[in-house]
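Next come the chains, spelled out residue by residue.
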Amino acid sequence: MEDLLKTSIIKGFIFSSYGELGPTPVYCFPDYYSEKELKEIDKELISKDSLILTFRDITQISIKNLSLFISDKIITEEPDLQKIQYFAILPYPDFNTTSLTYFHFIRTNSKQPIATAFSILVEENHRSFLYSNINRIKPVIIDFFKNFDKKMRKHYPPRENVEDDFYNLLSEELMKIEQRPSTPITTHRKMKILMAGLD
């Protein structure tokens, strides 16, 4: 998974949920570093194409995402919370990234549906990929979670048990969009427009 993310515009995924302790990161790809590991590793040996985040970083992203979601949607006239789903493009300047984040509720063993946020992270200088392709990415993510939500009804499976799901999402769906973007780079050319009239 880490090797695939190095070759893609997409640099990471973070899936978070609102649990008993508040917003919590559940799955993170690539894996995060502990503060201790980050001090000990030689940063020069880490690829420049890698996203380097600590547990504190992904927790901060989870809190930002779910705080926005809950404050915006928890007080709603919608009787069925599971029908609430929407997307937002959010900047994370501290990490030089931007995300397309999918917010929705999942049904688990708890009495109430649980608020979740799934973020697709790209480097800040590639944020136009998200803006240009959002309408193609949305149905892919919605379809993915129609199946993935079923795996989380009783509990969150271990990270190693779901890595293939996220790998397939990246390799078979999102990277196809990346390879054939809606707005190819050739359309971003400069033009001169001359307007003429009687006045």
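Residues numbered from 1 in each chain as written. Predicted model: local features only at pLDDT ≥ 70, side-chain atom pairs only at ≥ 80, totals over all residues. Heavy atoms only, no water.

Asks: Sorry, what's going on with the pattern of salt bridges here?
Replies: Any two side chains of opposite charge can pair, on the condition that their charged atoms come close. If you walk through the whole model with that rule in mind, you get six salt bridges. The shortest N-O distance in the salt bridge between R159 and E2 comes to 3.7 Å. Of this pair, R159 sits in helix α5 (residues 159-179) while E2 sits in helix α1 (residues 2-6); the two residues are 157 residues apart in sequence, bridging distant segments of the chain. A relative accessible area of 22% places R159 in the partly exposed class. (Salt bridge = Lys/Arg side-chain N within 4 Å of Asp/Glu carboxyl O. Helix = DSSP H or I, 4+ residues; strand = E, 2+ residues; numbered from the N terminus. Buried < 20%, exposed > 50% of the residue type's maximum accessible area, 1.4 Å probe, protein only.)

Asks: It is not clear to me how the pairing of strand β5 (residues 114-123) should be interpreted in this structure. Could you clarify?
Replies: Looking down a regular strand, the side chains alternate between one sheet face and the other. Buried residues dominate β5, accounting for nine of its 10 residues. As paired elements, strand β1 (residues 10-19) and β5 share seven bridges and run antiparallel to each other. Counted as the bridge partner of F13 is I120 from β5. Where strand β4 (residues 97-106) and β5 come together, 10 bridges link them in antiparallel fashion. (Pairing = 2+ DSSP bridges.)

Asks: Help me out: how do you make sense of the sheet that holds β4 in this one?
Replies: The pairing of strands in a sheet comes from backbone hydrogen bonds and takes either a parallel or an antiparallel form. If you walk across this open sheet you meet the five strands as β2-β1-β5-β4-β3, and the pairing is antiparallel. Sheet topology places β2 (22-29) and β3 (85-92) at the edges, where each strand pairs with a single neighbour. The average angle at which neighbouring strand axes cross in this sheet is 25 degrees, direction not considered. The strands touched by α5 within the sheet are β1, β2 and β5, with β2 carrying the most contacts at an inclination of about 70 degrees. (Axes fitted to C-alpha atoms, helices over the stretch in contact; angles between N-to-C directions. Contact = heavy atoms within 4.5 Å.)

Asks: Can you walk me through the nonpolar core in this structure?
Replies: Note on soluble globular proteins: their nonpolar side chains tend to be buried together. Residues F13, F118, I141, F166 and L174 are the most contacted members of the largest nonpolar core, which totals 34 residues. Residue assignment for this core shows that the elements contributing at least two residues are α1, β1, β2, β3, β4, β5, α4 (127-151) and α5. The biggest single contributor to this core is α4, with nine residues. In this structure, F166 is in contact with M1, F13, Y27, F29, F118, F144 and F148, ignoring residues within four places of it in sequence. The next biggest cluster of nonpolar side chains, apart from the first, holds 20 residues, and it includes C28, L90, A115 and A117. (Core = buried A, V, L, I, M, F, W, Y, C linked by side-chain atoms within 4.5 Å.)

Asks: Is there a simple way to think about α4 in this case?
Replies: Since there are 3.6 residues in each turn of an α-helix, residues three or four apart along the chain are aligned in direction. The end-to-end C-alpha separation of α4 is 31 Å, well short of the 36 Å expected for 25 residues at 1.5 Å each. At I134, α4 shows its largest bend, some 75 degrees. Residues of α4 that are buried in the fold lie against β1, β2, β3, β4, β5 and α5. (Expected span 1.5 Å × (residues − 1). Bend = angle between axes of the 7 residues up to and from the residue.)

Asks: Got a minute to help me understand the packing of α4 against α5 in this structure?
Replies: How two helices sit against one another is set out by the angle between their axes and by the gap between those axes. Orientation of α4 relative to α5, taken along the N-to-C sense of each, is 155 degrees, at an axis distance of 11 Å. Our classification of the angle between α4 and α5 gives roughly antiparallel. For the element pair α4 and α5, the recorded crossing hand is right-handed. For the pair formed by α4 and α5, the contact residues are F129, N133, R136, I137, V140, I141, F144, F148 and K151 on the first element and V162, D165, F166, L169, E173, L174, I177 and E178 on the second. Broken down by class, the residue content of the contact of α4 with α5 amounts to 11 nonpolar, one polar and five charged. (Parallel < 35°, antiparallel > 145°, perpendicular 65-115°, else oblique. Left-handed = near helix turned anticlockwise from the far one by under 90°. Nonpolar A, V, L, I, M, F, W, Y, C, P; charged D, E, K, R; others polar.)

This is a description of form; function is not addressed.
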